[in-house]
Amino acid sequence: MAISLSKGQKVDLTKSNPGLTNVVVGLGWDTNKYDGGNDFDLDSSIFLLGENGKVTNETDFVFYNNPQGANGAVVHNGDNRTGAGDGDDEQVNINLTAIPAYIQRVTFTITIHDAQARNQNFGQVSNAYARIFNEATGEELIRYDLGEDFSIETAVVVGELYRHNGEWKFSAIGSGYQGGLAALATDFGLSVG
């Protein structure tokens, strides 16, 4: 049975699941009704961070236009432009044992595409979650429901996988950002121009 986390909680992933190598991180959300006239396009992005909390180079930023990182150990499965339907809206496959040693944290974010131009924010998003499941068995291991804590933010750091004493753990972060993807990218060491 999946472990359900609250904001700020951390949990072992590999220590409590010996032999676990391939996981899928599923991200999902719904949009509330609003009369802005534009589609709501949420995007998941993954930042592969070194010891200093920054990306080492641009290939450590994984998203729909750069769907593979960490020498193929992290693979983004494509952009869902509407969030329609049940279940995961976007998924990321991860081979935990193949992630290069210089990558200490795998950080998952969700941003709203063209949020400022479309006058959209996370106050108009509900039921956002992240879940991690065993790729081989489909068993859900961890689930984090973000709740409705956001209003004007246009980006959210959902959570991260991180190395600790040779094992992988997951931290439920749930921090909102204004400034969208550009603000996140800058914070994680990318130059946005």
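Preceding this section is the structure that the text describes.
None of the values given here were measured: they were computed from a predicted structure.

**Q** Describe the pairing of strand β11 (residues 140-145), and please don't skip the residues or the numbers.
**A** Here strand β1 (residues 3-5) pairs with β11 via three bridges, running parallel. Paired with S4 across the bridge in β11 is R143. Across five bridges, the pairing between strand β10 (residues 125-134) and β11 is antiparallel. Residue pairing across strands places R131 opposite R143, the latter belonging to β11.

**Q** Residue-level account of the sheet that holds strand β6 (residues 68-69), with values.
**A** What the seven strands build is an open sheet, ordered β1-β11-β10-β3-β8-β7-β6; its pairing is mixed. Two strands bound the open sheet, and with one partner strand each, they are β1 and β6.

**Q** An account of the nonpolar core is needed here, citing residue identities and associated values.
**A** Grouped together as the largest cluster of nonpolar side chains are 42 residues, with contacts concentrated most on L13, I94, V106, L161 and F170. Of all elements in the fold, only β3 (22-31), β4 (42-49), β8 (90-95), β9 (105-112), β10, β11, β12 (155-164) and β13 (167-177) reach the threshold of two or more residues within this core. Contact partners of F170, with chain neighbours within four places excluded, come to L5, Q9, K10, V11, I132, I142, Y144, G159, E160, L161 and Y162. Counting 11 residues, the second largest nonpolar core, distinct from the first, contains F47, L49, A155 and A185.

**Q** Just give me the short version of the packing of aromatic side chains, but keep the residues and values in it.
**A** Scanning all chains against the criterion turns up five aromatic pairs. Relative to F61, the ring of F47 has its centre 4.9 Å away and its plane inclined at 20 degrees; by these criteria the two rings are stacked. Here F61 lies in strand β5 (residues 61-62) and F47 lies in strand β4, a separation of 14 residues in the sequence. Judged by its relative accessible area of 0%, F47 falls in the buried class. Measuring from centroid to centroid gives 4.6 Å for F47 and F188, while their planes differ by 40 degrees, and the two rings are tilted. Of the two residues, F47 is situated in strand β4 and F188 in the segment after α2 (180-187); the sequence distance between them amounts to 141 residues. The rings of F47, F61, F63, Y64 and F188 are connected pair by pair, giving a single aromatic cluster. Taking the ring centre of Y129 as reference, the NZ or CZ of R143 above it sits at 4.2 Å.

**Q** Mind laying out the environment of V24, listing which residues take part and the relevant values?
**A** With respect to the element layout, V24 can be found in strand β3. Accessibility expressed as a relative area gives 4% for V24, which makes it buried. Put simply, V24 and I94 are 70 residues apart on the chain and 6.0 Å apart in space, counted from C-alpha to C-alpha. The contact partners of V24, leaving out residues within four places of it in the chain, are Q91, V92, N93, R131, I132, F133 and E135.

**Q** Which residues make up the sheet that holds β9, and what values go with them?
**A** The strand order across the open sheet built from six strands is β2-β13-β12-β9-β4-β5, with neighbouring strands paired in antiparallel fashion. Taken across any chain shown, the strands that pair with only one partner, and hence form the sheet edges, are β2 (10-12) and β5. Of the strand pairs in this sheet, β4 and β5 are connected by two bridges, and their pairing is antiparallel. The residue bridging F47 from the neighbouring strand is F61, located in β5.

Parameters and conventions
- Residues numbered from 1 in each chain as written.
- Predicted model: local features only at pLDDT ≥ 70, side-chain atom pairs only at ≥ 80, totals over all residues.
- Heavy atoms only, no water.
- Pairing = 2+ DSSP bridges.
- Helix = DSSP H or I, 4+ residues; strand = E, 2+ residues; numbered from the N terminus.
- Core = buried A, V, L, I, M, F, W, Y, C linked by side-chain atoms within 4.5 Å.
- Buried < 20%, exposed > 50% of the residue type's maximum accessible area, 1.4 Å probe, protein only.
- Contact = heavy atoms within 4.5 Å.
- Phe/Tyr/Trp six-rings, centres within 6.5 Å; stacked < 30°, edge-to-face > 60°.
- Lys NZ or Arg CZ within 6 Å of the ring centre and 35° of its normal.

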